[in-house]
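What follows is each chain in one-letter form.
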Amino acid sequence: MAISETTHKFLKFEEGWPLVQEGIKKAVEIAEGVRSDRFTAEESMRLYTVVYEICQPHPAGPECEKLYQGYKKTFEDYITAKVLPFLREKKDENLLQELVTKWNMHKVLTRWLVRFFHYLDRYFISIRKLPTLNATSLLTFYKLVYIEMNDQVREVVLSMIEREREGVQIDQALVKNVLDIYVEIGEGSMTYYAKDFEEAMLKDTASFYSKKATIWNASLSYKDYVLKVEECMKQERDRVSSYLQSRSQHKLLEVVEHELLSLYATELEEKKQVESEASSTNESISVS
């Protein structure tokens, strides 16, 4: 958006900020679904222009710094007042549903505000080498929401996965939406997903199949045990396709194979041999 400096006045932060706050108020109401109308092209341009006029004639100066801090504080105040109180009172799957709802609202609010404050990205943030407006919004959500709620959220998700492994139907779409947050909050990076979910998920997977292996090895024939392993491997592949990140498949199948096959390789081979010999003996008796 090119704006001619000769046709626009310069504003002090204190003069322009109330105008920006009016736009922020409408953006919040849109994100929350309170109002269905959107910003017109004229409204969006006007808010962008106010930001521009505050930043001129020093795009990296103190007035821009005030705008940047105002942008950050907008998210901090909103999360503190409208997000955390609702999440803290939720449990189990209700917590996941509320988290997904609040995250989607946060993304909508971010899209609008990034558009209005875009001039900061073009100059102030670039010159100061600061996180982009989008990254700043995500980082605020990470610091205020993600860090506080992640342990609880992760435990709910892992509990749902275990129930599914036991044959209980779960809301896979909800789990996928929650796990997508780990990636989105890292702007596509798998860092948060890997360290804050995947590691615990693989550990829980190992524990689950370790217990099952003990039971199945003691109660099933070699043939039935192998069929059970194949069924589990298929279910884990389906799990990746349904809601886990694709990067988890190789590690997940390795864990399952280790717990069900590798640790019992000797016993399974002996069981196979015994059952094979018994079968041969029975066939001989039958023939004679």
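Residues numbered from 1 in each chain as written. Predicted model: local features only at pLDDT ≥ 70, side-chain atom pairs only at ≥ 80, totals over all residues. Heavy atoms only, no water.

The N-to-C vectors of helix α4 (residues 92-116) and helix α7 (residues 172-184) enclose an angle of 50°; their axes lie 10 Å apart at closest approach. Classified by the interaxial angle, the pair formed by α4 and α7 is oblique. Seen along the crossing, α4 lies across α7 with a hand that is left-handed. Facing E93, L96, Q97, L99, V100, W103 and K107 of α4, the residues of α7 in contact are L174, N177, V178, I181 and E184. A per-class count over the contact of α4 with α7 returns seven nonpolar, two polar and three charged. (Axes fitted to C-alpha atoms, helices over the stretch in contact; angles between N-to-C directions. Helix = DSSP H or I, 4+ residues; strand = E, 2+ residues; numbered from the N terminus. Parallel < 35°, antiparallel > 145°, perpendicular 65-115°, else oblique. Left-handed = near helix turned anticlockwise from the far one by under 90°. Contact = heavy atoms within 4.5 Å. Nonpolar A, V, L, I, M, F, W, Y, C, P; charged D, E, K, R; others polar.)

Further remarks concern helix α5 (residues 118-128). Residues of α5 that are buried: Y119, L120, F124 and I125. Down the axis of α5, the buried set is contained in an arc of 135°. They therefore lie on one face. Those residues of α5 that are buried lie in contact with α2 (41-55), α3 (62-88) and α6 (133-165). Downstream of α5 by a residue or two, K129 has a phi angle that is positive, lying close to 60°. (Buried < 20%, exposed > 50% of the residue type's maximum accessible area, 1.4 Å probe, protein only. Arc of directions from axis to C-beta.)

As a further point, take the nonpolar core. Counting residues in hydrophobic clusters, the biggest one holds 76 residues, and the most contacted among them are F117, L120, F197 and L244. Here this core takes 13 residues from α6, the largest share from any one element. (Core = buried A, V, L, I, M, F, W, Y, C linked by side-chain atoms within 4.5 Å.)

Time to look at the environment of A200. Summarising the element assignment, A200 is placed in helix α8 (residues 191-219). The class for A200 is partly exposed, based on a relative accessible area of 22%. As for A200 and E155, which are separated by 45 residues in sequence, their C-alpha atoms are 9.1 Å apart. Once residues within four sequence positions are removed from consideration, A200 is found in contact with R154 and L158.

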